[in-house]
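So you can see what is in the structure, the chains are spelled out below.
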Amino acid sequence: MDEHRPDTGQGRDPGGPHGEAALAAAAQALRDGGLVILPTETVYGLAGNAADPAAVAAIFEAKGRPRFNPLISHVADLATAETLAVFDDRARSLAEAFWPGPLTLVLPIAKDTVVCDLARAGLDTVALRVPAHPLARALLTAFGGPVVAPSANRSGRPSPTTYADAMEETGDKAAASLDGGACEIGLESTVVALLDEPRLLRPGAVTRAQIEALIGSLAEAQADAKRSPGRLARHYSPKAPVRLEALGPEPGEAYLAFGPGVHRWNLSPSGDLREAAANLFSYLREADRTDPRAIAVAPIPHEGLGEAINDRLKRAAGFVG
Ligand code: TXA
Ligand code: MG
């Protein structure tokens, strides 16, 4: 039995926060300028109409997010995305390969893009993603237009990967909510900018190697507020300090293990990076609730999805940049 297995939400009460009525209410909430707790395959988002500056302002407010940090616009398909941004061949090939899925593309805005200025933090670029989660897709299709959805945590906290965690973070700010079960991936989407040379702004479940196989080598993010605003923001911090590369806990510490061994929190006893990614944020939250002196985390291999896991761990430990 694995209590952390992703829950697809199938076979539930159709009147609950995942059925037809909940979907219709969520689409109506978006049209009315309200916010929606939205499940995706990566993490839960706090969603609003990307074309409505008041709704977008309410998201920044609810999260306590600095307004220089722009939001991702989520759409139902590539055709809708192409009305919002300018796609070159590289962008189209990545979109065709990985959408719907955990990849965000930062592209120049289309002349008549409806994504409002505030959602883009005033930039002439826009971040776009087509999520794969069936409830997210159903809502985007019902609503029609682009939907901004930053992770549903308050700014600086770990992203929520369960409905309960999302509701605890910003549920009180939402007019509607959809319960899509536990997020299958558990880490935010990979963010790639295609402006000058392709750059990896945030590693994620679509790996560097998968992207490079299609469009060639990826440059690093610049330390530039205009092109990589997300790198200035504080991120993913639990209350307790986080100690990395720990081979075991010291007295008073909570320990997040990786690999064989019996521990209260083992990110993956079999050493599987997908399982570790899916467990990471919820275990950080659970460990933090026990008020430890620190949260010690075992070394995680760096290849593949390990790059994204180590990126989030470094940020949780306070090393930003
Ligand atoms: O998996 C995800 O992407 C989740 C789910 C809910 O879809 N959303 C998410 O959103 O992680 P958020 O707002 O927490 O992260 C968006 C990232 C930030 O690092 C932001 O700086 C970057 O995307 N970003 C957004 N627009 C950008 C732009 N125009 N140029 C550069 N970076 C941008
Ligand atoms: Mg976030």
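Residues numbered from 1 in each chain as written. Chains lettered and ligands numbered in written order. Predicted model: local features only at pLDDT ≥ 70, side-chain atom pairs only at ≥ 80, totals over all residues. Heavy atoms only, no water.

Participant: Describe in detail the overall build of the protein, supporting the description with residues and values.
Facilitator: Secondary structure summary: the protein contains 9 helices and 14 strands in total. For the protein, whose C-alpha radius of gyration is 19 Å, the value lies close to the compact-globule estimate of 20 Å for 321 residues. Seen along its three principal axes, the alpha-carbon backbone of the protein occupies a region of about 60 × 50 × 30 Å. Going through the 321 residues of the protein one by one, you find that 57% of them count as buried. With an accessible surface of roughly 13,100 Å², the protein has 53% of that area assigned to carbon and sulfur atoms. Mean positive and mean negative side-chain charge positions of the protein (32 and 40 charges, respectively) differ by 4 Å. (Helix = DSSP H or I, 4+ residues; strand = E, 2+ residues; numbered from the N terminus. Rg over C-alpha atoms; globule rule 2.2 N^0.38 Å. Buried < 20%, exposed > 50% of the residue type's maximum accessible area, 1.4 Å probe, protein only. Areas by Shrake-Rupley, 256 points an atom, 1.4 Å probe, with all protein chains shown as cover. Lys, Arg positive; Asp, Glu negative; His and termini not counted. Charge placed at Lys NZ, Arg CZ, Asp CG, Glu CD.)

Participant: Could you give an account of the packing of helix H8 (residues 273-289) against helix H9 (residues 306-316), with specific residues and numbers?
Facilitator: It is the contact of H8 with H9, at a shortest axis distance of 9 Å, that shows an interaxial angle of 20°. Comparing their axes, H9 and H8 come out roughly parallel. Considering only the axes of H8 and H9, their crossing is left-handed. In this structure, H8 contributes Leu273, Ala276, Ala277, Leu280, Phe281 and Leu284 to the contact, and H9 contributes Gly306, Ile309, Arg312, Leu313 and Ala316. Residues of the contact of H8 with H9, tallied by class, amount to 9 nonpolar, 1 polar and 1 charged. (Axes fitted to C-alpha atoms, helices over the stretch in contact; angles between N-to-C directions. Parallel < 35°, antiparallel > 145°, perpendicular 65-115°, else oblique. Left-handed = near helix turned anticlockwise from the far one by under 90°. Contact = heavy atoms within 4.5 Å. Nonpolar A, V, L, I, M, F, W, Y, C, P; charged D, E, K, R; others polar.)

Participant: So, the domain arrangement of the protein: which residues are in play, and what are the values?
Facilitator: Its domain assignment divides the protein into domain 1 (2-227) and domain 2 (242-316). Of note, the centres of domain 1 and domain 2, computed from C-alpha atoms alone, are 25 Å apart. Each partner contributes to the interface: domain 1 provides 23 residues, whereas domain 2 provides 17 residues. Run the count over domain 1 and domain 2 and you get 6 salt bridges. A salt bridge links Glu188 to Arg312, with the shortest nitrogen-to-oxygen separation between them at 2.7 Å. Elements supplying a minimum of two residues to the side of domain 1 that touches domain 2: helix H6 (163-170) and strand S9 (199-202). The element contributing the most residues to the side of domain 1 that touches domain 2 is H6, with 3 residues. Considering only residue class, the side of domain 1 that touches domain 2 consists of 7 nonpolar, 8 polar and 8 charged. (Domains from an automatic or database assignment. Salt bridge = Lys/Arg side-chain N within 4 Å of Asp/Glu carboxyl O.)

Participant: Before we move on, can you summarise the packing of helix H4 (residues 89-98) against helix H7 (residues 208-215) with the specific residues and values?
Facilitator: Here H4 crosses H7 at 130°, and the two axes come no closer than 10 Å. When the axis of H4 is compared with that of H7, the two are oblique. The way H4 lies across H7 gives a crossing that is right-handed. Where H4 approaches H7, its residues Arg90, Ser93, Leu94, Ala97 and Phe98 are matched on the opposing element by Gln210, Ile211, Leu214 and Ile215. Of the residues in the contact of H4 with H7, the class split is 6 nonpolar, 2 polar and 1 charged.

Participant: Outline the side chain of His74, listing residues and values.
Facilitator: By secondary structure assignment, the location of His74 is in strand S3 (residues 72-74). From its side chain, His74 meets the backbone oxygen of Ile72 in a polar contact 3.3 Å long. The residues contacting His74, other than those within four sequence positions of it, are Arg129, Pro131, Leu140, Gly145, Pro146, Val147, Val148 and Ala149. (Polar contact = N/O pair within 3.5 Å; in protein donor to acceptor, adjacent residues only side chain to side chain.)

Participant: Describe the pairing of strand S2 (residues 45-49), with residues and values.
Facilitator: Among the 5 residues that make up S2, 5 are buried, leaving the element largely enclosed by the rest of the structure. What sits between strand S1 (residues 36-38) and S2 in their antiparallel hairpin is a turn of 6 residues. Judged from the 2 bridges that link them, S2 and strand S6 (residues 147-148) form a sheet pairing that is antiparallel. Within S6, the residue paired with Asn49 across the bridge is Val147. (Pairing = 2+ DSSP bridges.)

Participant: Please provide a residue-by-residue account of empty space enclosed by the protein, values included.
Facilitator: The tally for this structure, following the rule as stated, stands at 3 cavities of 30 Å³ or more. Here the largest cavity defines a volume of roughly 740 Å³. Arg65, Asn69, Pro70, Ile72 and Arg202 are the residues nearest the centre of the largest cavity, which is lined by 49 residues in total. Top contributing element to the lining of the largest cavity by residue count: strand S5 (residues 125-129), with 4 residues. By residue class, the composition of the lining of the largest cavity is 20 nonpolar, 15 polar and 14 charged. Of the residues that make up the lining of the largest cavity, three or more belong to each of domain 1 (2-227) and domain 2 (242-316). Computed from the structure, the second largest cavity encloses a volume of approximately 50 Å³. (1 Å grid on protein atoms, 1.4 Å probe; cavity = no way out; pocket = protein on both sides within 12 Å on 5 of 7 lines; lining within 4 Å. Points joined across faces, edges and corners; volume = space filled by probe spheres on them.)

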